[in-house]
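A closer look at the structure
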Amino acid sequence: AAAADQPAAPDEFTKSVLAWREQRVAKLTSADGWLTLIGLHFLKTGDNTVGTAGDNSIVMAKGPAHLGTFTLDQNSAVRAVFEPGIDDRVDGEEELSADIRDDRREHPSVITVGNLTILLIDRGGKKALRVKDSESERRTHFLGIDYFPIDPSWRIEADWVAFDKPREVPIKNVLGNTSNALVLGKAVFKRDGQTIELLPIQESPDGPLFFVISDQTSGKETYAAARFLYAAPPEDGKVILDFNRAQNPPCAFTPFATCPLPPKENQMTIAVTAGEKKYRGLHE
């Protein structure tokens, strides 16, 4: 009788999903993960003074009162001049001034000041400072992720339909900016009596597939804007879509991320009762 009361050992599929969840949380809660974001500040052309003091043109939530001046020129180049005495590093080196490379470059600049990390990002041609704090409240008060029950039926083998020519699909983000994404094909499957066709963003024929999706749980059990789903590249005309691994975008955890929204093709009319649910912790 005692043996009968013991829970059944998880099968291999369940183990794999649980292992994925563990890795996902570890990355999310790492010292440079999305939970560390504390600011997103867009630069205007010309000089932008930066610091926590109210007389700066950009007022940060944490850091020195006057960090320095970030100058954005007419060619979209950014140069930073730091206040003397500030213990700053640019790519690990002490600098009084430096040209700052944005995230479109192979090796973007990394500015560190104490627990802060500052990165220059480009969004729709606009430059912004993304500020991270390894001791942010979102990280130190993380409440964990809630999930739908693991369901093997949501691991779907979809047909891969390659396009004769790559298509450019407009993808809007939460800031309202639109950019074109390269789409090489679509994943097609049937569920709940419907034929579903999803468009992934794919940078190369051999690269992973990235789906930005919504469904009938969006805004109810799951995050309203979107969820993300990653899949291995197509093989033998098939794509494995494991919706047990559908995950919240960074915007579900912080207002300082710039997440893409699902194209109309990926706004499903079925309820995907698998993967991550809406985050119940601190967002705003």
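Anything mentioned here points back to the structure above.
Described in the following lines is the structure provided in the data block. (Residues numbered from 1 in each chain as written. Predicted model: local features only at pLDDT ≥ 70, side-chain atom pairs only at ≥ 80, totals over all residues. Heavy atoms only, no water.)

A look at the overall build of the protein
The line we're drawing: Strands are runs of DSSP state E lasting at least two residues, helices are runs of H or I lasting at least four, and both sets are numbered from the N terminus onward. Only protein chains enter the accessibility calculation, which uses a 1.4 Å probe. A residue is then buried if its area is under 20% of the maximum for its type, exposed if over 50%, and partly exposed in between. We call two residues in contact whenever any of their non-hydrogen atoms come within 4.5 Å of each other. Per-residue and other accessible areas follow the Shrake-Rupley method at a 1.4 Å probe size, with only the shown protein chains counted as cover for residues. Charge assignment: positive for Lys and Arg, negative for Asp and Glu; neither His nor the chain ends contribute. Each charge is placed at NZ for Lys, CZ for Arg, CG for Asp and CD for Glu.
Helix and strand content of the protein: 2 helices and 16 strands. Its C-alpha atoms give the protein principal-axis dimensions of about 70 × 60 × 30 Å. Buried residues in the protein amount to 45% of all 284 residues. When contacts within the protein are restricted to residue pairs at least 6 apart in sequence, those whose partners lie at least 24 apart make up 56%. Summing over all exposed atoms, the protein offers an accessible surface of approximately 14,800 Å²; the carbon and sulfur share of this is 49%. In the protein, the 33 positive side-chain charges and the 41 negative ones have mean positions that sit 5 Å from each other.

Remarks on the nonpolar core
The line we're drawing: Nonpolar cores were defined as sets of buried Ala, Val, Leu, Ile, Met, Phe, Trp, Tyr and Cys residues, with membership established by side-chain atoms within 4.5 Å.
With 21 residues, the main nonpolar core has L43, L67, F70, I100 and I111 as its most contacted residues. Mapped onto this core, the elements with two or more residues apiece are β4 (68-72), β5 (78-82), β7 (97-100), β8 (111-113), β9 (116-123) and β10 (126-133). Setting aside residues no more than four positions away along its own chain, I111 makes contact with F70, F82, R89, V90, I100, L116, T117 and I118. Judged by nonpolar contacts, the second largest core, of 20 residues, contains A158, F189, L209 and L229.

Concerning the state of the cysteines
In protein structure, a disulfide is the covalent linkage between the sulfur atoms of two cysteines. The condition that has to hold: We call a pair of cysteine sulfur atoms a disulfide whenever their separation is within 2.5 Å.
On inspection of all chains with the given rule, the structure shows 1 disulfide. Disulfide partner of C251: C259, at an S-S distance of 2.4 Å. Between C251 and C259, the S-S dihedral sits near 110°, and the bridge is therefore right-handed. The burial state of C251 is the same as that of C259; both residues are buried.

Digging into the pairing of strand β14 (residues 209-213)
Note the cut-off: Strand pairing is defined by DSSP finding a minimum of two bridges between the two strands.
Within β14, 5 of the 5 residues are buried, leaving the element largely enclosed by the surrounding structure. Where burial is concerned, the two faces of β14 agree: the one with L209, F211 and I213 and the one with F210 and V212 are both buried. With 5 bridges connecting them, β14 and strand β15 (residues 227-231) associate as antiparallel partners. Looking at the pairing, F211 lines up with L229 of β15.

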